[in-house]
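Working through the structure, step by step
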Amino acid sequence: MTTPIPTEKRPRPAGRGRLVLSRLLAARGAVVGAVLVLLLFALAFGGPYLTPWDYATPDFSALHQPPSAEHLFGTNGVGQDVFAQTVRGLQKSLVIGLLVALFSTLLASVVGACAGYFGGWTDRALMFLVDLLLVFPAFLVITIVSARLKSAGWIAFVLLLALFNWMITARVVRSMTISLREREFVRAARFMGVRPLRIISRHILPNVASFLIIDATIAVGGAVMSETALSYFGFGVKPPDVSLGTLLAAGTGDAPVFPWLFYFAAALLVLFVLAVNLIGDGLRDALDPTSGASPRRSPRRKRRP
Amino acid sequence: MLRYLAKRLSYYAVLLIAAVFLAYAISATALQPRTYFEAKVPRPSVSSVERQLTALNLNDRTPVVERFGHWAGGLLHGDLGRTIHDTPVTDDFGRRVWVSLRLLLLGSVLGMVLGVAVGAWSAVRQYRISDRLLTVLSFVLLSTPVFLVALFLKNGAIAAKDAAGHEVVPFTGYETPGLTGGLGAHLADWALHLLLPTISLALGGLATYSRYQRGTMLDVLGSDYLRTAEAKGLTRGRALLKHGLRTAVIPMSTMFAYSFLGIFTGAIFTETIFGWHGMGEWLIKSINEQDVNSVVAINLFTAAVVLASGFLADTLHAALDPRVRS
């Protein structure tokens, strides 16, 4: 890298970061989504301090009580505080969603970049693995194996979810890498004798970062949905641990009579995934210059009222 | 073109064999049929457990490869092995596959057709109130897991029943047991039972497809050939239908083919929640019963359907795009 020769003082042109941020702020959906996610995180981690009740301790003087000042979201059949439980479950679901998205994106970027960069048999073997895992219903394997992982707890569950969540992303990274491989700066690095793994980490991955960020954002929502679905059927987080999925499973039978056992958790789940999807959509518009939805590129777009 | 298709087909065959073997290996080692027999009351003797396990080809003391060989040998004669209750797996399979297919076909076709229609309509009316409403609605649907949609629908049906004093829409099972009457009555009964499960399956697909279709349709809307079509005298509507929608649907065809796994996973939840005795419910049941052979049979079914639809997509793609064939 050469340092640019300083000429006369000029106002700095807006950097890419500024540009992306300004585009993101212009997208109302993304801002709403970000605010919602922040609020939900605040609720998940600050919520336990808002109530004197613990998520597991029963209040025997209040069984099946509707929401009140004492119990914000009411109580369940054994007198546990639903607010404390929901907040705790939200916390667990959020952490699981984030970790799964992180791990699966890491795996996808490594496998995809290696397959695309090295080509040949590496590519063929890795793509066969991708196809193989895509033919497999992930749900099926997770349900079968999760029974054996009871003792390992929820971290094992996170790894399992991540293990079946990276294939499509890896395919996209691979095809992006194949076209990047022939670009001048990558060739130059190769001819200078830079090691392949260094080229991948220094030149390839930064150039697919936009895609990875968008994909990871959307993956958070998907992971939370899978987590709750699996936990609902008893294949994910297991009692006494609480997640939104176990809460929904516990509350669903009583939902017609005691709606607070079901609908608070359900609403928070939908709200969180919705917020994450809104951010992902906004990020796509802000980061991806080819997406037609970006405000300045689309001539079809009418002015907002 | 035939050579290209033959190549794809052989690749899929290898993939299918590998996937089935992997499924067998995972199910046979992770599930524990031995504990199922040992937990029976009165507790059977060790030798009798051993005998039953071996008879069902479930004995964990036999190497997995040997058990797989035995199972694969049976498969060549159309035998999927025996369930843990010592009945043929093919019996369950044959009965449940039709229950599921009814739901899967209807749910996915409805999701596709409505998704494409809604997406295209939404694109034509971009940024109007209706487009914005549909966008918000599809985002909410995309953010709601299928099992939650199914639970909402079921709770709604229960609430309607409590309010009306009798069942308004059925929410358990796929037919009224012991229903008398002619073919018409039976068909109406079936349709009514299909209503809620189908909606719960179709809504997810509808939301996904409509978003993508809106995107592809928007790309097409700005194209020159559409303007040309209008310039040569077609009305806007006819031009959109004949030239716009037709082109915009092509990129979606691959997506339809590969959506099967998602729909099947959705059906697992839908069937369990609405009490349908289909493949999805069977999966949950057989995993809980440590029924290895049934689990593998379901795996075989999904893998075969996925690869068949993948092959269909390849054929379609090759037929439409000559560049693929070379």
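**Brief notes about the overall build of chain B**
Helix and strand content of chain B: 14 helices and 0 strands. Along its sequence from the N terminus, chain B presents helices and strands in the succession α-α-α-α-α-α-α-α-α-α-α-α-α-α. Along the three orthogonal principal directions, the C-alpha set of chain B runs to about 85 × 65 × 40 Å. When the 326 residues of chain B are sorted by exposure, 36% land in the buried category. Long-range contacts, defined as pairs at least 24 residues apart, comprise 73% of the intrachain contacts of chain B with a sequence gap of at least 6.

**Some details on the overall build of chain A**
Of the regular secondary structure elements, chain A holds 11 helices and 0 strands. In sequence order, the secondary structure elements of chain A are arranged as α-α-α-α-α-α-α-α-α-α-α. Taking as baseline every contact in chain A between residues at least 6 positions apart, the subset at least 24 positions apart corresponds to 68%.

**Structural notes on the packing of helix 1 (residues 16-26) of chain A against helix 11 (residues 260-287) of chain A**
All names here are of chain A. As a packed pair, helix 1 and helix 11 sit with axes 8 Å apart at the nearest point and diverge in direction by 135°. In terms of orientation, helix 1 lies oblique with respect to helix 11. Two packed elements cross with a definite hand, and for helix 1 against helix 11 that hand is right-handed. Contacts from V20, R23 and L24 of helix 1 reach helix 11 at G282, L283, D285, A286 and L287. Here the residues of the contact of helix 1 with helix 11 sort into 5 nonpolar, 1 polar and 2 charged.

**Some remarks on the nonpolar core**
Judged by nonpolar contacts, the single largest core of 149 residues is most densely connected at A265 of chain A together with F147 and A150 of chain B. Of the residues forming this core, the biggest block, 17 residues, is contributed by helix 11 of chain A. Leaving out residues up to four positions away in the same chain, A265 of chain A has contacts with T86, G89, L244, L247, L248 and G251 of chain A.

**Overview of the interface of chain B and chain A**
Between chain B and chain A, the residue contacts involve 41 residues of the former and 32 residues of the latter. Listed by contribution, the elements that provide at least two residues to the side of chain B that touches chain A are helix 1 (2-30), helix 6 (129-142), helix 7 (146-164), helix 8 (183-221), helix 11 (260-274), helix 12 (279-288) and helix 13 (292-320) of chain B. A per-element tally of the side of chain B that touches chain A places helix 1 of chain B first, with 8 residues. Here the residues of the side of chain B that touches chain A are counted per class, giving 30 nonpolar, 9 polar and 2 charged.

**Side note on the environment of K161 of chain B**
Assignment of secondary structure puts K161 of chain B in helix 7. Apart from the residues lying within four places of it in its own chain, the contact partners of K161 of chain B are H166, E167 and V168 of chain B.

**Some details on the confidence of the model for chain B**
Here chain B shows a mean pLDDT of 84. Residues at 70 or above account for 97%. Model confidence for the complex is summarised by a pTM of 0.82, with the ipTM given as 0.81.

**Focus: the packing of helix 5 (residues 138-146) of chain A against helix 1 of chain B**
The geometry of helix 5 of chain A relative to helix 1 of chain B is characterised by a closest axis approach of 9 Å and an angle of 20° between their N-to-C directions. Compared by their axis directions, helix 5 of chain A and helix 1 of chain B come out roughly parallel. Judged by the twist between their axes, the crossing of helix 5 of chain A over helix 1 of chain B is left-handed. Residues V141, I144 and V145 of chain A of helix 5 of chain A form the contact with helix 1 of chain B, whose participating residues are I26, S27 and A30 of chain B. Grouping the constituent residues of the contact of helix 5 of chain A with helix 1 of chain B by class yields 5 nonpolar, 1 polar and no charged.

**Comments concerning the confidence of the model for chain A**
For chain A, per-residue confidence averages 80 on the pLDDT scale, and residues scoring 70 or more make up 88% of the total. In the model, residues 291-305 of chain A has pLDDT below 50 throughout and makes 16 contacts with residues more than four positions away in sequence or in other chains.

**Focus on helix 12 of chain B**
Judged by how many residues are buried, helix 12 of chain B sits mostly within the fold: 7 of 10 residues are covered. Directly after helix 12 of chain B, the chain includes Q290 of chain B, whose backbone phi takes a positive value near 60°.

**Considerations on the environment of L268 of chain A**
Residue placement: L268 of chain A occurs in helix 11. Accessibility expressed as a C-beta count within 10 Å gives 21 for L268 of chain A, which makes it buried.

The rules behind these values
- Residues numbered from 1 in each chain as written.
- Chains lettered and ligands numbered in written order.
- Predicted model: local features only at pLDDT ≥ 70, side-chain atom pairs only at ≥ 80, totals over all residues.
- Helix = DSSP H or I, 4+ residues; strand = E, 2+ residues; numbered from the N terminus.
- Buried ≥ 20, exposed ≤ 12 C-beta atoms within 10 Å, placed from the backbone.
- Contact = placed C-beta atoms within 7 Å.
- Axes fitted to C-alpha atoms, helices over the stretch in contact; angles between N-to-C directions.
- Parallel < 35°, antiparallel > 145°, perpendicular 65-115°, else oblique.
- Left-handed = near helix turned anticlockwise from the far one by under 90°.
- Nonpolar A, V, L, I, M, F, W, Y, C, P; charged D, E, K, R; others polar.
- Core = buried A, V, L, I, M, F, W, Y, C linked by C-beta atoms within 7 Å.
- pLDDT = per-residue confidence, 0-100.

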